[in-house]
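In case you want the letters, here they are:
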Amino acid sequence: MRTTFLLVALSAFKAQALLRFPCAQLTVVRSDPLIDPGNVSAHLHQVSSFDFNMPSNQVNLPNAACSTCAIKENKSNYWSPTLYFQSPKNGTFKRVRQNPGPLTGSPNAGMVVYYIQIGNVTSFPQGFRMISGDPYLRSYNSSLDDSRSIMFRCLQGTDTSGQGTGPDTYGMPTTNCPGGVRSQINFPTCWDGKNIDTPNHHDHVRHAINASFGNFGNGCPSTHPITIPMLFFETYWDTNPYASEWVNGKSPFVWSMGDPTGYGYHADYMMGWPEATLRSAMAQCNDASGQLSACSVLSARSEQDMNDCAVPNRVEEELDGWITELPGCNPVQPGPARATMASGCGAPTSTLPASGVTFLKDGIPGWTPVGCASENNGETLLTGARTTLSSMTVESCLNYCNTQGYAFAGLKNTNTCSCGASLNTSKVSSSYACNLACPGDLNGRCHASTS
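Notes on the structure in this doc start here. None of the values given here were measured: they were computed from a predicted structure.

## Brief notes about the pairing of strand β8 (residues 111-117)
Regular strands place their side chains on alternate faces of the sheet. Extensive coverage of β8 is indicated by the burial of 7 of its 7 residues. Side-chain alternation along β8 places M111, V113, Y115 and Q117 on one buried face and V112, Y114 and I116 on a second face that is also buried. Sheet analysis places strand β1 (residues 17-23) next to β8, joined by 7 bridges and oriented antiparallel. Residue pairing across strands places C23 opposite M111, the latter belonging to β8. Summarising the sheet, β8 and strand β16 (residues 230-237) pair through 5 bridges and their orientation is antiparallel.

Okay, here's the thing in structure tokens:
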């Protein structure tokens, strides 16, 4: 077990700078521009960043149109695997919902990202990218940096402070976690000073000597002498709905690459800062809790803009609801031997054009999707009948408004259906993301519709 990462690491090593900020979820998709550039990837990722469909050789990421992260100057890309629940009864899978991190507001899912400066660091250069972890590991090996840099916290209650009480383990927890599971991963902090990337996305960087989770090590090796900021990701997984599904102490959860152990957890990074801006931030932003408000060289992005940067999944496959196979039909491989990659299983291998995907549900007889609208300052766009259902779906809302004799129907707060005889369509904008799942149908999204 380990104690709290920030309390141990930062007090012991006297970090000169710390940034901590949320990134909302951009998309959930079987794509990986580092490992499988231009192709559908082997397993599913949850992505927080800019437009993830940008070509992998694009190095001018700061020109991306939007970002889901809270700092305006930051257009970096961060992604990691998704977590699924596997039913002990019939083996089917259901994607585990993510929660925003504490003290970050209400971003839509995503992760909490830390940039930590220990000693004198060099800013990441433009085009820099790297990976931490190994998706094929299925056992812990204390001699491997990829094993020592990952931990999971079994939260014993709602984490309101960012510390989150509960034991840390290198693999997935072996008992139910009342407050959910927090996945935690450190990236290497030592760079060769020459390459912005290498073919395996690992060799140009190293962890510090004898580093492990919660321990920054004893300096950089001579082969990689340049110290770079430490990246640290936290992701909160809402495992509590499955609290009764543990059988004989066996975890019912599996990562999207078919890993029930957690030892294959990993994460990817593509640098998207203006170099001078990140350099200034790491030199000046020394608030002990990493709050953006204490860093004058950076500016905040609104939560609305973060959430509205979402894009739909462009691989035509089921991700939510109950599914019989993991996306990409990855078999569950518990190890302890290294996992092997699945192939030839019939899973989709091509992406849909960006113009061919939408969050809006189409094809419902008698109704045409309009889009998403914003109700500001207490205004109500649809002023007719209204109902709230704990198992709301798009269809149930449309049926309700139809029986009430209204031509327009809309969903908000995921469970409230409003009807109206008319709609001010000037309030509808394509810049709003209609990406909140309805509780009665995880494949449905809340949006305005017109008959």
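Once you've had a look at it, read on.
## Observations concerning the state of the cysteines
Under the counting rule described, the total for this entry stands at 7 disulfides. Disulfide pairing is shown between C329 and C345; the S-S distance is 1.7 Å. Of this pair, C329 sits in the loop between α4 (303-307) and β19 (368-373) while C345 sits in the loop between α4 and β19, and the two are 16 residues apart along the sequence. Classification of C345 as partly exposed rests on a relative accessible area of 38%. Here C401 connects covalently by a disulfide to C419, the sulfurs 2.0 Å from one another. Disulfide C401-C419: torsion about the S-S bond near -85°, hence left-handed. Of the two residues, C401 sits in helix α5 (residues 394-403) while C419 sits in strand β22 (residues 416-420), which places them 18 residues apart along the sequence. Each member of the pair, C401 together with C419, is buried.

## With respect to the sheet that holds strand β13 (residues 190-191)
Two strands in a sheet stick together by hydrogen bonds in their backbones, pointing the same way (parallel) or opposite ways (antiparallel). Read across the open sheet, the 3 strands follow the order β14-β13-β15; overall the sheet is antiparallel. Unpaired on one side and paired on the other, β14 (205-206) and β15 (226-227) mark the two borders of the sheet. Bridge count for β13 against β15 is 2 bridges, and the pairing is antiparallel. The residue of β15 that forms the bridge with W191 is I226.

## Remarks on the nonpolar core
In terms of nonpolar packing, the biggest core is built from 50 residues, with L19, F21, Y78, Y115, F124, Y269 and W273 touching the most fellow members. No other element matches the 4 residues that β1 contributes to this core. Discounting chain neighbours no more than four positions away, the residues touching L19 are V113, Y114, Y115, W273, A281, M282, C285, G290, C295 and L298. Core analysis: the second largest hydrophobic core is formed by 13 residues, M392, L398, C417 and C438 among them.

## Concerning the environment of K72
In this structure, K72 sits in the loop between β3 (40-48) and β4 (77-81). With 233 residues separating them in the primary sequence, K72 and D305 have C-alpha atoms 10.0 Å apart. If sequence neighbours within four positions are ignored, K72 has contacts with S299, A300 and R301.

## Structural notes on the pattern of salt bridges
Under the counting rule described, the total for this entry stands at 11 salt bridges. The partner of E395 in a salt bridge is K361, with the nearest N and O atoms 2.8 Å apart. Note that E395 is positioned in helix α5 and K361 in the loop between α4 and β19, a separation of 34 residues in sequence. We classify E395 as partly exposed; its relative accessible area is 28%. Judged by relative accessible area, which is 24%, K361 ranks as partly exposed.

## Topic: the sheet that holds strand β2 (residues 27-31)
Read across the sheet, 5 strands follow the order β2-β3-β4-β18-β9 without closing on themselves; strand pairing throughout is antiparallel. Of all the strands in the sheet, the pair left with one neighbour each is β2 and β9 (129-133). This sheet shows a mean twist of 25° between the axes of neighbouring strands, independent of strand direction. Judged from the 4 bridges that link them, β3 and β4 form a sheet pairing that is antiparallel. The residue bridging V47 from the neighbouring strand is W79, located in β4.

## Thoughts on the packing of aromatic side chains
Between two aromatic rings, the relevant description is the distance of the centres plus the angle of the planes. Considering all chains together, one arrives at 23 aromatic pairs under this definition. Where Y115 meets Y269, the ring centres are 6.4 Å apart and the plane angle is 75°; that geometry is what we call edge-to-face. With Y115 in strand β8 and Y269 in strand β18 (residues 266-270), the pair connects residues that are 154 residues apart, well separated along the chain. When sorted by exposure, Y115 lands in the same class as Y269, which is buried.

Rules and cut-offs
- Residues numbered from 1 in each chain as written.
- Predicted model: local features only at pLDDT ≥ 70, side-chain atom pairs only at ≥ 80, totals over all residues.
- Heavy atoms only, no water.
- Buried < 20%, exposed > 50% of the residue type's maximum accessible area, 1.4 Å probe, protein only.
- Helix = DSSP H or I, 4+ residues; strand = E, 2+ residues; numbered from the N terminus.
- Pairing = 2+ DSSP bridges.
- Disulfide = S-S within 2.5 Å.
- Core = buried A, V, L, I, M, F, W, Y, C linked by side-chain atoms within 4.5 Å.
- Contact = heavy atoms within 4.5 Å.
- Salt bridge = Lys/Arg side-chain N within 4 Å of Asp/Glu carboxyl O.
- Axes fitted to C-alpha atoms, helices over the stretch in contact; angles between N-to-C directions.
- Phe/Tyr/Trp six-rings, centres within 6.5 Å; stacked < 30°, edge-to-face > 60°.

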